[in-house]
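Reading the structure
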Amino acid sequence: MKVFISATLRSFFGRSTTEEVQGNTVNEALKELRDRFPEVGKGLWDEKGELRSFIRIFAGEADWTDKNMHDTPVPSGSSLLLLPLIAGGAPEGGIISEVRRKQVSLDNAEVDQFSRHLLLREIGVKGQKKIKAARVAVIGAGALGGPVLQYLAAAGVGTLKIVDFDTVAVPNLQSQVIHGFRDIRRPKAASARDKVRAINRRTEVIAENIKVDASNVLSVIDGFDLVIDCTDNYQARYILNDACVICGIPLVYGAVYQYEGWVSIFNYQGGPCLRCLFPAPPEPGLVPTCAEGGTISPLSGIIGSIQATEALKLIIGIGEHLSGKLLRVDTLGLRSEVLEVRHRDDCQVCGSAPTIREPKNYDYEELCGLREDPAEEPVATIAPEDLARRIENGEPLTIVDVREPHERSILRFSGAIVIPIGQLARRQRELNPEHDTVFICKEGKRSILAVKTLREAGYAGPAYSLRGGLDAMKDIILSNEGGWI
Ligand SMILES: [Zn+2]
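These numbers were taken from a predicted model, which means no experiment stands behind them.

With that settled, consider the overall build of the protein. A tally of regular secondary structure across the protein gives 18 helices and 18 strands. What you see for the protein is a C-alpha radius of gyration of 24 Å, in line with the 23 Å of a compact globule of 485 residues. A burial count over the protein gives 54% of its 485 residues as buried. Carbon together with sulfur atoms contributes 50% to the accessible area of the protein, which is approximately 21700 Å² in total.

Checked against the element boundaries, Glu-204 lands in strand E8 (residues 204–208). With residues near it in sequence (within four places) discarded, Glu-204 still touches Gly-158, Thr-159 and Leu-160.

Most of helix H7 (residues 145–155) sits out of view: 8 of its 11 residues are buried. Inspection of H7 places Gly-145, Gly-146, Pro-147, Val-148, Leu-149, Leu-152, Ala-153 and Ala-155 among the buried residues, and these make up the whole buried set. Of the residues trailing H7, Gly-156 is marked for its positive phi of about 105 degrees.

Where strands meet in a sheet, backbone hydrogen bonds hold them as pairs that are either parallel or antiparallel. Pairing in this open sheet of 5 strands is parallel, and the strands run E14-E18-E17-E15-E16 from one edge to the other. Since the sheet does not close on itself, it has two edges, and those belong to strand E14 (381–382) and strand E16 (417–418), each with one partner.

The next point concerns the coordination of the zinc ion. For the zinc ion, the full set of protein donor atoms is Cys-273 (SG), Cys-276 (SG), Cys-347 (SG) and Cys-350 (SG), at a range of 2.2 to 2.3 Å. Every donor counted, the 4 donor atoms about the zinc ion form angles of 93 to 122 degrees at the centre, which fits tetrahedral coordination.

As a further point, take the packing of aromatic side chains. Tallied over the full model, the rule gives 2 aromatic pairs. Taking 5.3 Å as the distance between ring centres and 55 degrees as the angle between the ring planes, the aromatic pair formed by Tyr-253 and Phe-266 counts as tilted. In this pair, Tyr-253 is assigned in strand E10 (residues 251–257) and Phe-266 in strand E11 (residues 260–266), connecting sequence segments 13 residues apart. On the basis of relative accessibility, which here comes to 1%, the residue Tyr-253 falls in the buried class. Relative accessible area serves as the criterion here: at 0%, Phe-266 is assigned to the buried category. With centroids separated by 6.1 Å and ring planes inclined at 15 degrees, the aromatic side chains of Trp-262 and Phe-278 adopt a geometry described as stacked. Highlighted residues: Trp-262 in strand E11 and Phe-278 in the loop between helix H11 (274–277) and helix H12 (290–293), separated in sequence by 16 residues. Its end group placed over the ring of Phe-224, Arg-135 keeps NZ or CZ at 4.7 Å from the ring centre. Sitting over the ring of Phe-165, Lys-211 keeps its end group 4.9 Å from the ring centre.

For the pair H7 and helix H13 (residues 299–316), the least separation of the axes is 8 Å and the interaxial angle reads 40 degrees. Relative to H13, H7 is oriented oblique. Relative to H13, the crossing made by H7 is right-handed. Touching Pro-147, Val-148, Tyr-151, Leu-152 and Ala-155 of H7 are Ser-300, Gly-301, Gly-304, Ser-305, Gln-307, Ala-308, Ala-311 and Leu-312, all from H13. In terms of residue class, the contact of H7 with H13 is made up of 8 nonpolar, 5 polar and no charged.

Attention now goes to a nonpolar patch on the surface. A cluster of nonpolar side chains, contributed by Tyr-259, Ile-296 and Leu-332, occupies part of the molecular surface with about 280 Å² of accessible area. Counting through the fold element by element, Tyr-259 comes out in the loop between E10 and E11.

Turning to the sheet that holds strand E12 (residues 325–330), a few remarks are in order. Strands sit in the order E8-E7-E6-E9-E10-E11-E12-E13 across an open sheet of 8 strands; the sheet is mixed. Single-partner strands in this sheet number two, and they are E8 and strand E13 (335–340). Adjacent strand axes in the sheet meet at a mean angle of 15 degrees when their direction is disregarded. Of the strand pairs in this sheet, E10 and E11 are connected by 7 bridges, and their pairing is antiparallel. Across the sheet, the residue bridging to Tyr-253 is Ser-264, located in E11. Against the sheet, helix H8 (residues 188–199) touches strand E7 (159–163) and E8, its axis set at about 170 degrees to E8.

Glancing now at the domain arrangement of the protein. Domain annotation of the protein identifies domain 1 (2–84), domain 2 (98–367) and domain 3 (381–479). One C-alpha centre belongs to domain 1, the other to domain 2, and the line joining them spans 30 Å. Listed per partner, the contact involves 20 residues of domain 1 and 22 residues of domain 2. Of the roughly 1800 Å² buried at the junction of domain 1 and domain 2 (both faces included), carbon and sulfur atoms supply 62%. Counting every contact that joins domain 1 to domain 2 gives 0 salt bridges. Of all the secondary-structure elements, those providing two or more residues to the side of domain 1 that touches domain 2 are strand E3 (55–59), strand E4 (62–63) and strand E5 (80–84). Partitioning the side of domain 1 that touches domain 2 into residue classes produces 11 nonpolar, 5 polar and 4 charged.

On to the environment of Ala-190, then. Its location among the elements puts Ala-190 in helix H8. The class of Ala-190 is buried, set by a relative accessible area of 15%. Along the backbone, Ala-190 and Ala-141 are 49 residues apart, and their C-alpha atoms lie at a distance of 9.5 Å.

Where helix H15 (residues 384–392) is concerned, the buried positions are Pro-384, Leu-387, Ala-388, Arg-390 and Ile-391. In a view along the axis of H15, the buried residues occupy a sector of 165 degrees, so they form one face of it. The outward face of H15, more than 90 degrees from its buried face, is lined by the exposed residues Glu-385 and Glu-392. Against the buried residues of H15 lie E14, strand E15 (397–401), strand E17 (436–440), strand E18 (463–466) and helix H18 (469–479). Just past H15, the residue Gly-394 takes up positive phi, approximately 70 degrees.

With that settled, the discussion passes to the nonpolar core. Core analysis: the largest hydrophobic core is formed by 61 residues, its most contacted members being Phe-13, Leu-80, Leu-82 and Val-227. The element contributing the most residues to this core is helix H10 (residues 234–247), with 7 residues. Each of domain 1 (2–84) and domain 2 (98–367) gives at least three residues to this core. If we ignore the near neighbours within four places in the chain, the residues touching Leu-82 are Val-3, Phe-4, Ile-5, Ser-6, Leu-9, Phe-13, Leu-30, Leu-33, Leu-44, Arg-56 and Ile-57. Ranked by size, the runner-up nonpolar core spans 43 residues in total, among them Ile-131, Ala-141, Ala-189 and Ala-311.

Definitions and cut-offs
Every chain's residues receive numbers from 1 upward, in the order its sequence appears when written. Note on the predicted model: pLDDT of at least 70 is required for a residue's local features to be given, and 80 or more for side-chain atom pairs to be given and counted; whole-chain, interface and lining totals, by contrast, use all residues. The side-chain figures draw on all heavy atoms in the structure; neither hydrogens nor water molecules are used. A helix here means a DSSP run of H or I that spans at least four residues, while a strand means a run of E at least two residues long, and both kinds are numbered starting from the N terminus. Radius of gyration means the value over C-alpha atoms here, while the globule rule gives 2.2 Å times the residue count to the 0.38 power. Three exposure classes are used, based on accessible area relative to the maximum for each residue type with a 1.4 Å probe and protein chains only: buried under 20%, partly exposed in between, and exposed over 50%. Using the Shrake-Rupley algorithm and a 1.4 Å probe, accessible areas are obtained, with residue cover drawn only from the displayed protein chains. Every residue pair with non-hydrogen atoms within 4.5 Å of one another is taken to be in contact. In this scheme, strands are said to pair when DSSP sees at least two bridges between them. Metal donors: N, O and S atoms at distances within 2.8 Å, or within 3.2 Å for Na, K and Ca, with water omitted from the atom set so that some sites may seem incomplete. Site shape is set this way: if four donors have all angles between 85 and 135 degrees, tetrahedral; if opposite donors are over 155 degrees apart and all others between 65 and 115, square planar for four donors and octahedral for six; otherwise irregular. Centre distance within 6.5 Å is the pairing criterion for rings of Phe, Tyr and Trp, where only the six-membered ring of Trp is used; planes under 30 degrees apart are then read as stacked, over 60 as edge-to-face, and the remainder as tilted. Ring-over charges, as used throughout, are those where CZ of Arg or NZ of Lys falls within 6 Å of the ring centre and within 35 degrees of the ring normal. Between N-to-C directions, angles cover 0 to 180 degrees, with each direction set by a line fitted to C-alpha atoms, over the stretch in contact for helices. For classification purposes, angles smaller than 35 degrees are called roughly parallel, those larger than 145 roughly antiparallel, those between 65 and 115 roughly perpendicular, and all remaining angles oblique. In this scheme the handedness of a crossing depends on how the near helix is turned from the far one: anticlockwise by less than a right angle means left-handed, clockwise means right-handed. Classification used: nonpolar for Ala, Val, Leu, Ile, Met, Phe, Trp, Tyr, Cys and Pro, charged for Asp, Glu, Lys and Arg, polar for all others including Gly. Like charges within 9 Å and nonpolar side chains (Val, Leu, Ile, Met, Phe, Trp, Tyr) within 5 Å are joined into patches, using only residues over 30% in relative accessible area that form no salt bridge. Here, a salt bridge means any side-chain nitrogen of Lys or Arg that lies within 4 Å of a carboxyl oxygen of Asp or Glu. Annotation comment: domain bounds sourced from an automatic or database domain assignment. Accessible surface is computed with a 1.4 Å probe, and the buried area is the amount of it that two parts give up when combined, taken over both parts together. The arc in question is the one traced by the directions running from the helix axis out to the C-beta atoms. Side-chain atoms within 4.5 Å link the members of a nonpolar core, which is a set of buried Ala, Val, Leu, Ile, Met, Phe, Trp, Tyr and Cys residues.

Listed below in structure tokens is the structure:
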């Protein structure tokens, strides 16, 4: 049987994309993988030996995450897919009521502008009026928000809200095609608003230059028919999901990582939500954000365009859609599949006895064990200037780089040895407990995890995390180019 490894988990499997196993049940397959890749253990299983809750297992396209199915032979010919979190049926009438549709009309100029929609039997004048009546909130005006906003404006959506707290920076231009060089340092919300107005001057645009959090999310989405999640972080995604369930607004979810993208519809007519799929976000370091992981330029265009298409289908009420399903697109393997997503009766927010009744900011670092536990000895850190000074003085020091290969090629640190976090326990003999060991990563978070992992493995020598990571040390490194690094 074949086991496909999702891109985000591959560092635990020696970069393998597919593994062939002898067993024909989930338990047999997982045991073989664990024997073959001992480092996988900590990433995929918790202390009690339970598979971590952010990983789902699919046999073919069916969801086999439920433990009760793990000793049942997988149908022959099916392959398994291990899928961690990164981020149907035809409805009658769509999400815009007849009353609201009848409140809008199309003038001659609009009939001309949208004539290619009116030609489509499924859309026609009725569908176009629904699009005009629709109020859609797009959270995030970056790589995914760009195509979503541009296509929804072009399609004739009557009201678009754009929410983003960030400003346009040069590296954004590689994938955020809604912004240009002239927009550098402008708020993304304002830059996107100008583009939307240029595409369709009749669309009413509300641009909000704010960060969505638990205190404002309900007022941000209140009164909207549909919310589109184009954010890039777990905190915002879970707050949006919970708020949409509480307000009863469907959510079109999209996420990208490197070459892989996902789209789903959550909270639509009793369908599942994000927490039904992944009750909790993954641990830090295991699944990098796209700022750390990078994405190929057109991927956000593909995924954002599918999100916009799904949004229009919900508004008009046509076609099959992605409620209860997850579309996964792998652009590198040029492969896509639609996976089943089940509603969970025990879901914390949309189940029969919900424990989450209002949006909450959660401390992602605490949730992921990065925040210092007062009962635990704190992880010692070293400031970038101190590390530079100690290197220049030639002090005996071991520097361990725990970044991914592609991150190392962007900013080199040649004085360091490379050990992935997953291999630290096994390779601790490469460290000298007589000397200080300093762990480095991009932002100074994975390096804390590295020190903790090493301690758990029984290493007694002094170990430090570079405070703020290489991001904080970038200027020193670049000014030393050709010097000690
Ligand atoms: Zn749910």
